[in-house]
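# Coordinates in review
So you can see what is in the structure, the chains are spelled out below.
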Amino acid sequence: MLYHEPAKWVARLRATAQGGPFLLKTEMGAGHGGRSGRYDAWKEEAFALSWIIERGTK
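Small disclaimer: the values here were computed from a predicted structure and weren't measured.

With that settled, consider the overall build of the protein chain. Each helix and strand in the protein chain was counted, giving 2 helices and 0 strands. Of the roughly 5100 Å² that the protein chain leaves accessible, carbon and sulfur atoms contribute 59%.

Quick look at the structure:
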């Protein structure tokens, strides 16, 4: 699957769904399972958690 299908889905979600905000993050250099390596996995998890925390403080 290329990046345009998830991007179209998130665009429809943003236009119609209640709740939001919705985040779409595309990693073009990684495979199906994301980046490899322990520290890369931690970096991805830290990114997701920081985005959630930032949204909760606004």
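Our next topic: a nonpolar patch on the surface. A cluster of nonpolar side chains, L2, Y3 and M28, forms an exposed patch at the surface whose accessible area comes to about 380 Å². Along the polypeptide, Y3 turns up in the segment before α1 (4-16).

Here we come to the environment of L23. By the secondary structure assignment, L23 is in the loop between α1 and α2 (38-56). For the pair L23 and I52, spaced 29 residues apart in sequence, the C-alpha separation works out to 9.8 Å. Residues in contact with L23, not counting those within four places in the same chain, are R14, F47 and W51.

So, about unusual backbone geometry. In this structure, the amide linkage connecting G20 to the following residue, P21, adopts the cis form with an omega of 0 degrees. With respect to the secondary-structure elements, P21 resides in the loop between α1 and α2.

Further remarks concern the packing of aromatic side chains. Applying the stated criterion across every chain yields a total of 1 aromatic pair. A centroid spacing of 5.2 Å and a plane angle of 85 degrees characterise the contact between Y39 and W42, whose relative ring orientation is edge-to-face. Here Y39 and its partner W42 are both found in helix α2, 3 residues apart, which amounts to about one turn of the helix. The positively charged end of K25 is found above the aromatic ring belonging to F47, 5.0 Å away from the centroid. Of note, R38 hangs over the ring of Y39, and the distance from its end group to the ring centre comes to 5.4 Å.

Our next topic: the pattern of salt bridges. This model, assessed by the stated rule, comprises 3 salt bridges. Between E44 and K25 there is a salt bridge, with the nearest N and O atoms lying 3.1 Å from each other. Here the residue E44 occupies a position in helix α2, and K25 occupies one in the loop between α1 and α2, the gap between them amounting to 19 residues. Here E54 makes a salt bridge to R55, at a shortest N to O gap of 3.2 Å. According to the relative accessible area criterion, E54 is partly exposed, its value standing at 38%. Exposure remark for R55: the relative accessible area of 31% places this residue in the partly exposed category.

Thresholds applied
Residues numbered from 1 in each chain as written. Predicted model: local features only at pLDDT ≥ 70, side-chain atom pairs only at ≥ 80, totals over all residues. Heavy atoms only, no water. Helix = DSSP H or I, 4+ residues; strand = E, 2+ residues; numbered from the N terminus. Areas by Shrake-Rupley, 256 points an atom, 1.4 Å probe, with all protein chains shown as cover. Patch = residues over 30% accessible without salt bridge, like charges linked within 9 Å, V, L, I, M, F, W, Y side chains within 5 Å. Salt bridge = Lys/Arg side-chain N within 4 Å of Asp/Glu carboxyl O. Contact = heavy atoms within 4.5 Å. Phe/Tyr/Trp six-rings, centres within 6.5 Å; stacked < 30°, edge-to-face > 60°. Lys NZ or Arg CZ within 6 Å of the ring centre and 35° of its normal. Buried < 20%, exposed > 50% of the residue type's maximum accessible area, 1.4 Å probe, protein only.

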